Structure formats: C-alpha cells, structure tokens
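# Descriptive structure summary
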Amino acid sequence: MTSLTRRTAYYLLVLVAATVGLTGAYSLGMSVWEGRPRPWYQALEVVVQTFTTTGYGEDAPWTSPQMNLLVVVIQLAGIGFILSAVDVFVVPWLREALRPTAPKGLPGRSGHVIVCGYTPRVEVFIDEMIGRGQEYVLIEPNTEQAASLHEQNYEVMEGDPTSTAVLERASVGAAKALVADVADDENASIVLAAREASPERRIITLAEDASATRYHRAAGADVALSPRQLLGRSLAAQVPVAAAANVEKQATVEPEVDFAELIVSRHGPSQNHSLRDLQLSERFGVRVVGAWLDGTFETAVDAAAPLEAGTRLFLAGTPDQLDALRDEMAPYVRAFTSQSIILAGHGDSGQAAWESLRAVHADVTVLDLRDGERVDVVGDVRDPDALQACGIEGASAFIIAVDDDTVATFATLIARDLNPDLQILVRAHDETAVQNLRRAGADFVQALPTVCGRMLAATVLEDEGHLSRDRQLNVVRLPASPLVGETLRNVDPDAQTNYTVLAVYREGDFLTDPDEALFTFETDDEVIVAGTEDGIQHFRARLEDGRST
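Described below are features of the structure shown in this document. (Residues numbered from 1 in each chain as written. Predicted model: local features only at pLDDT ≥ 70, side-chain atom pairs only at ≥ 80, totals over all residues. Heavy atoms only, no water.)

### What to know about the packing of helix α9 (residues 227–237) against helix α14 (residues 348–359)
Put simply, the rule is: Note on method: axes are straight lines fitted to C-alpha atoms, helices fitted across the in-contact stretch only, with angles between N-to-C directions ranging 0 to 180 degrees. Think of it this way: any DSSP run of H or I at least four residues long counts as a helix, any run of E at least two long counts as a strand, and we number them from the N terminus. The labels follow the angle: roughly parallel below 35 degrees, roughly antiparallel above 145, roughly perpendicular from 65 to 115, and oblique for the rest. By definition, any crossing whose near helix is turned counterclockwise from its far helix by less than a right angle is left-handed, and any crossing with a clockwise turn is right-handed. Should any heavy atoms of two residues lie within 4.5 Å, those residues are counted as being in contact. Residues were grouped as follows: Ala, Val, Leu, Ile, Met, Phe, Trp, Tyr, Cys and Pro as nonpolar; Asp, Glu, Lys and Arg as charged; and all remaining residues, including Gly, as polar.
In the contact formed by α9 and α14, the axes pass within 7 Å of each other and the chain directions differ by 40 degrees. As summarised for this structure, α9 and α14 are arranged oblique, according to the angle between their axes. Once α9 is placed against α14, the crossing between them reads as right-handed. Along the contact surface, α9 presents Arg228, Gln229, Leu231, Gly232, Arg233 and Ala236, while α14 presents Asp348, Ser349, Ala352, Ala353, Ser356 and Leu357. Grouping the amino acids of the contact of α9 with α14 by side-chain chemistry returns five nonpolar, four polar and three charged.

Next comes the structure, spelled out in structure tokens:
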C-alpha cells in the first residue's frame, strides 16, 4: 500500500466514524436538551449540511447551551475535514499532475555511454564524463528516482535495464560502452541482455563482492571491477615506501647516493611554490626524481606549477646534500630507511592493498578481527594493545581498510596518539566521513565512491594516464660504455623521459652533481638511473642503440 493510499484510507475511516458519532450525538441532544426529537436520518442530514457548510434547515436556532456547543463542535469538525481533504487529495493530485516525468527512451544517440543504475560512485563517474565532454544515458528503473534525476537535468530514462527493449530504446547499438552498477546478480542479467541487443558492445560491471566478477565475465562482461579492490590498490599506491622498497631491492647503490621525501604541507615553506622557486638542485644539490600527485607517481613534474598541500617529492642526493636540506626543512623531510607498514582489515580492500605492497617487497603486518593465512595479529583496530603488538610505535605507515567509518575514525585517533609521526591512510566507505577522518589525524583519506567513480571513468574512456596509478620507482646501476662521448644533458634531457640519471660512478668515485652541459661519458663509467618501469626500459633501449652504432 502506497503512502497516498494509506492516508486516503485513514481519512475516510475517520470521516465515517466522526459522521456516525456526531449524528448520534445530535439526535440525542435534540431529544434531551431541546425537546424536539429527530430521527437518525434527519440528524445525519444536519451533520452533513454542517460539514459541507450548506445550512441547517428548520432546526436553527437552538435554545440550550449544550446543543449550541455540540453544533460548534460539528462545525469545527467540518472545517477540519475540509482542510484535511485538501492535504490528502488535492495537494498530492496537483503534485502528481505537475511533476516532470522521465522519458521512456532516448533514441537517436550515438557514441554515448549507457549507465545502468544510480549510486554514489555512478554520480562521481557521471561528473567525470561531463568534465571530459562524454555523452551518457542513465537508465533508472524506479519511477520516482528517474523523475527526480530528470528534474536535476540528468540524461536519464525510465526503464528496466535487464530488458533488451529498454536497452534498444537507449540506442545501445550506437553506444560507446555500457556500465552496470546495481546488485551483483542483476548486473549479470544486464550483461546478458546487452550482449543480445548489441553483441559487439563493450560492457563494464561493478561487483560489490569481488568473487562475483568471474560470473560477470562469464556472462559476457569485458571488464568486471571490484570497487573495494580498486580502493585497496589505490591506498597502497599512496605509500611511498613501496617505491623505496624497489630502490633497496633493485639497485646496488653505495652510501654516496641516498633518498628522501619532501612533504608539501599546509602553511609549510613549499606550499604554493614551484620547483623552480624552491631551487632544490641549486641550493642543496639534490635532484627531484618524481612526485606523488593526486595519488599518482609522476616523474614529469612541471617546474613552474605551484605545489599543492599533500604533494610528496621524491628526492635523491648524497647524505651531505640531504642533511643540508633537513637542516632547513627538518619537519617536512622524511628519510627512506627500513620502514614497516601496518594494514588493518583483510577484506577485499585489505587483500588488494597487501598484494600491491608485497609486489614491491614492502614489509607489511596485517591486523584483523579474524585469523587467516595472511593475518599476523588478531585483534580490534581500536585496541591499543593490538596496535602495539603490530609495532605501531616504530611503523612508518598505517593503512586502515575496515568497513565501518566510525571504527576507522576512532582507530585513527588511537594510532595518532600512539605514534604522532605515523603516516595514516584510511579508506572511507562514505564521502561524508572524509572530514571527520581528517580531523581525527588521517594524512590521506580516500572515499570509495570517489576512487571507484574516477577509476571507472578511466576504464570506460580507456585513459591510460589514469589507469596507470600504480606506477612505482625503480633504481638501477648500469654500464655507460655505449654512451661514450655523449653529454649528460643529451642523455638525460628532461623529465618527460620518465627516468633520471642520479649519479655517475667513475674510477671509484660517485659524481652526483656534474655539469650537465660539459660532462661527457667515458668507457668505464657506470650510471645510477631512477625511473618508472617504462622509463628504465627507455634508457636500456638507448644503451642498446649506442652499442649497435
């Protein structure tokens, strides 16, 4: 029973009860107080006349105060029922008559993205598409929700997305892709319907349960994403120790070359200054190898762009050079030493984060309420003893990937109290919890809808720049004999190459700050090179080209 139907039934029930009761009271009052008995049907007529404000006939006036009081009660009841009728019948009717309705189809579209279902992550996804100028059609089965979205100027149509007829009315045959984000089982039905309506259409689904992705693919989905896994990998990508692990494992770097991280914080000396303004190379001799910008490690850093709070610069230099930098910016410089990471929560997000961190040989301690193969400490993330058992006092980073935002907030407060210098990264289930988590002391917070919506946009639009969010830094030591006679500036022209020559090893000495324009390579030189995997491959290809000439 709908709300309007229920209110109508209640109204009619009260109206009938009041009419019967007041009819009996009027008939009795006329006999007892007025001495003019009236049969029930005449008493009913007087009550109805009063309710409808049409008059009283020959019964007026009344001589007894009791009867006059009863008539006043009947009059007030009539006014009340008239006003209630307006609210129960007239207003809903007008609202229904004037409410805009979503169309049942949007034919004639081409190159658009069809989106099935409206969720917080779909909202972010649509914002991303609008920002990139990509057309879309949203299919919403709920009539009221579709009308509300239509009123908010969404390109929405009402219909069941599991129906091939509805998909055809959304021009699925001419669409660029189809995205399904409803219940996991319903997503599979949407995929089957879409495959029937347009066999060649690219289909992307989102699965709340990571295990359901295999069935979405079996139904015909080209890509099946798990939002929680996406968020777990994204959180792991924020931990700079992952890059440091690659440095430690993949290169034999002597003490003459060291690494550090410069954190750009609010009201710090680096915020809103560009790399050109900071002059890190000129003042300290250190080199900027790359930076974490909006969760992505980038080697191509615009030297003229102002640095925003939250940016982390990855620096390389000699111990003396980095010491000089620390002397001036001590609160904002963090050394890359042997570090450990605590991961709280081993669900879909936690497992994805663990796999990403272990892939770069990071030292990870897992804390979870339930024991498991990868769980190192069993306990509550809000229990200080459990956190201390994980080594919270000596940890460098703490990833909180639990399902409850309130639990995550309290755990952040405890962790910050136990280790004020700890880097805390938190997964937020709801966007509204982000500010509270930051107030509690979290350094970095990612909301599930935001991350998933952006990653979904990158997947649908096949944006490789956005998909490569897990790029990490590698450091290698290679012979430079194929580069004999070339200048350092020619070998390492700019940051767009995705690699940087950190130092040259010559006759037992490390040259960390040679003149790029004048320095030329000799036969026995070796180079220390830092860069992304693509950048290192680019440099190796350069060496191979040198050998072949």
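From this point on, the discussion continues.
### Some thoughts on the side chain of arginine 201
This is how it is decided: Two N or O atoms form a polar contact when they lie within 3.5 Å of each other; inside protein one atom must be a possible hydrogen donor and the other a possible acceptor, and for residues adjacent in sequence the pair counts only when both atoms belong to side chains.
Mapped onto the elements of the fold, arginine 201 is located in the loop between α7 (184–197) and β5 (202–206). There is a polar contact of 2.6 Å between the side chain of arginine 201 and the backbone oxygen of glycine 173. Separated by 3.1 Å, the side chain of arginine 201 and the backbone oxygen of alanine 175 make a polar contact. If sequence neighbours within four positions are ignored, arginine 201 has contacts with Val172, Gly173, Ala174, Ala175, Lys176, Ala177, Leu178, Arg195 and Asp222.

### Considerations on helix α5 (residues 143–151)
Selection criterion: The cut-offs for exposure are 20% and 50% of the maximum accessible area for each residue type, with area from a 1.4 Å probe on protein chains only; residues under the lower value are buried, those over the upper are exposed, and the others partly exposed. The arc in question is the one spanned by the directions pointing from the helix axis to the C-beta atoms.
Among the residues making up α5, those that are buried are Ala146, Ala147 and Leu149. The buried residues of α5 all sit within an arc of 165 degrees when viewed along its axis, so they share a single face. Every exposed residue of α5 that faces more than 90 degrees away from the buried side is listed here: Glu144 and Glu151. At its buried positions, α5 is contacted by β2 (136–140) and β3 (156–158).

### With respect to the pairing of strand β13 (residues 364–368)
Going by this rule: Any two strands between which DSSP finds at least two bridges are classified as paired.
For β13, the buried fraction is high: five of the five residues fall into the buried class. Burial along β13 is two-sided: the residues Val364, Val366 and Asp368 and Thr365 and Leu367 are all buried. When strand β12 (residues 341–344) meets β13, the two strands line up parallel, connected through four bridges. Following the sheet pairing, isoleucine 341 is matched in β13 by valine 364.

### What about the sheet that holds β13?
Spatially, the six strands line up as an open sheet ordered β14-β13-β12-β15-β16-β17, and their pairing is parallel. Across the chains shown, the open sheet's two edge strands, defined by having one partner strand only, are β14 (377–378) and β17 (444–447). Both strand β16 (residues 423–428) and β17 contribute to a ladder of four bridges, which runs parallel. Looking across to β17, one finds that valine 426 is bridged to valine 445. Packing against the sheet, α9 makes contact with β15 (397–400), β16 and β17, and its axis sits at approximately 165 degrees to β16.

### Remarks on the pairing of β16
Applicable threshold: Every crossover in which the path from the first strand over the helix to the second runs clockwise, viewed with the strands pointing away from the viewer, is termed right-handed.
Counting buried residues along β16, six of its six residues qualify, which places the element largely inside the surrounding structure. Residues of β16 alternate between two faces, with Gln423, Leu425 and Arg427 on one and Ile424, Val426 and Ala428 on the opposite face, all of them buried. Pairing geometry for β15 and β16, over four bridges, is parallel. By the bridge assignment, isoleucine 400 is partnered in β16 with valine 426. Remark: the β15/helix α16 (residues 405–418)/β16 crossover connection has right-handed handedness. For the handedness criterion, the β-α-β arrangement of β16, helix α17 (residues 434–440) and β17 is classed as right-handed.

### Points about unusual backbone geometry
Most peptide bonds take the trans configuration, and most residues that are not glycine carry a negative phi. Despite not being glycine, asparagine 153 shows a phi value in the positive range, around 75 degrees. Inspection of the secondary structure assignment puts asparagine 153 in the loop between α5 and β3. Looking at asparagine 153, the relative accessible area reads 66%, which means it is exposed. Although it is not a glycine, serine 171 adopts a positive phi angle of roughly 60 degrees. If you trace the backbone, serine 171 turns up in the loop between α6 (164–169) and β4 (177–180). A relative accessible area of 11% places serine 171 in the buried class.

### Here's the deal with the packing of α9 against helix α18 (residues 448–460)
One can describe the packing of α9 onto α18 by two numbers: an axis separation of 9 Å at closest approach and a directional angle of 95 degrees. Put simply, α9 runs roughly perpendicular to α18. Counted together, Pro227, Arg228, Leu230, Leu231 and Ser234 of α9 and Leu448, Val451, Cys452 and Met455 of α18 form the full contact between these two elements.

### Description of the side chain of aspartate 525
Residue placement: aspartate 525 occurs in the loop between β20 (509–511) and β21 (526–531). Overall, aspartate 525 belongs to the buried group, its relative accessible area being 2%. One polar contact links the side chain of aspartate 525 to the main-chain amide nitrogen of glutamate 522, over a distance of 2.8 Å. If we ignore the near neighbours within four places in the chain, the residues touching aspartate 525 are Pro479, Ala480, Ser481, Val504, Tyr505, Arg506, Phe519 and Thr520.

### Section: the pattern of salt bridges
Under the convention used in this document: One speaks of a salt bridge when a side-chain nitrogen belonging to Lys or Arg is within 4 Å of a carboxyl oxygen belonging to Asp or Glu.
What the rule picks out here adds up to 16 salt bridges. Note that arginine 374 and glutamate 355 form a salt bridge whose closest N and O atoms lie 3.6 Å from each other. Of the two residues, arginine 374 is situated in the loop between β13 and β14 and glutamate 355 in helix α14; the sequence distance between them amounts to 19 residues. Notably, a salt bridge pairs arginine 427 with aspartate 403, separated by 2.6 Å at the nearest N-O pair. Taken together, the positions of arginine 427 in strand β16 and aspartate 403 in the loop between β15 and α16 put the pair 24 residues apart, joining distant regions of the chain. Of the residues examined, arginine 427 reaches a relative accessible area of 1% and is grouped as buried. Through salt bridges with shared partners, one network takes in Arg121, Asp181, Glu208, Arg228, Asp403 and Arg427.

### Structural notes on the packing of aromatic side chains
The test is simple: Classification of ring pairs rests on two measures: the distance between centres of Phe, Tyr or Trp rings, Trp counted by its six-membered ring, which must be within 6.5 Å, and the angle between planes, read as stacked under 30 degrees, edge-to-face over 60 and tilted in between.
Tallying each qualifying case throughout the model produces two aromatic pairs. Between tryptophan 40 and tyrosine 41 the ring centres are 6.0 Å apart and the planes differ by 85 degrees, which places this aromatic pair in the edge-to-face class. Ring plane angle 75 degrees and centroid distance 5.6 Å describe the contact between tyrosine 118 and tyrosine 154, whose orientation is recorded as edge-to-face. Of the two residues, tyrosine 118 is situated in the loop between β1 (113–116) and α4 (120–131) and tyrosine 154 in the loop between α5 and β3; the sequence distance between them amounts to 36 residues. By relative accessible area, tyrosine 154 is classed as buried at 13%.

### A look at the nonpolar core
What counts here: Note on terminology: a nonpolar core comprises buried Ala, Val, Leu, Ile, Met, Phe, Trp, Tyr and Cys residues joined through side-chain atoms within 4.5 Å.
Grouped together as the largest cluster of nonpolar side chains are 29 residues, with contacts concentrated most on Phe125, Leu138, Ile204, Leu456 and Val460. Broken down by element, this core gets its largest block of residues, seven residues, from α18. Once residues within four sequence positions are removed from consideration, leucine 456 is found in contact with Phe125, Val179, Ile204, Leu206 and Leu225.

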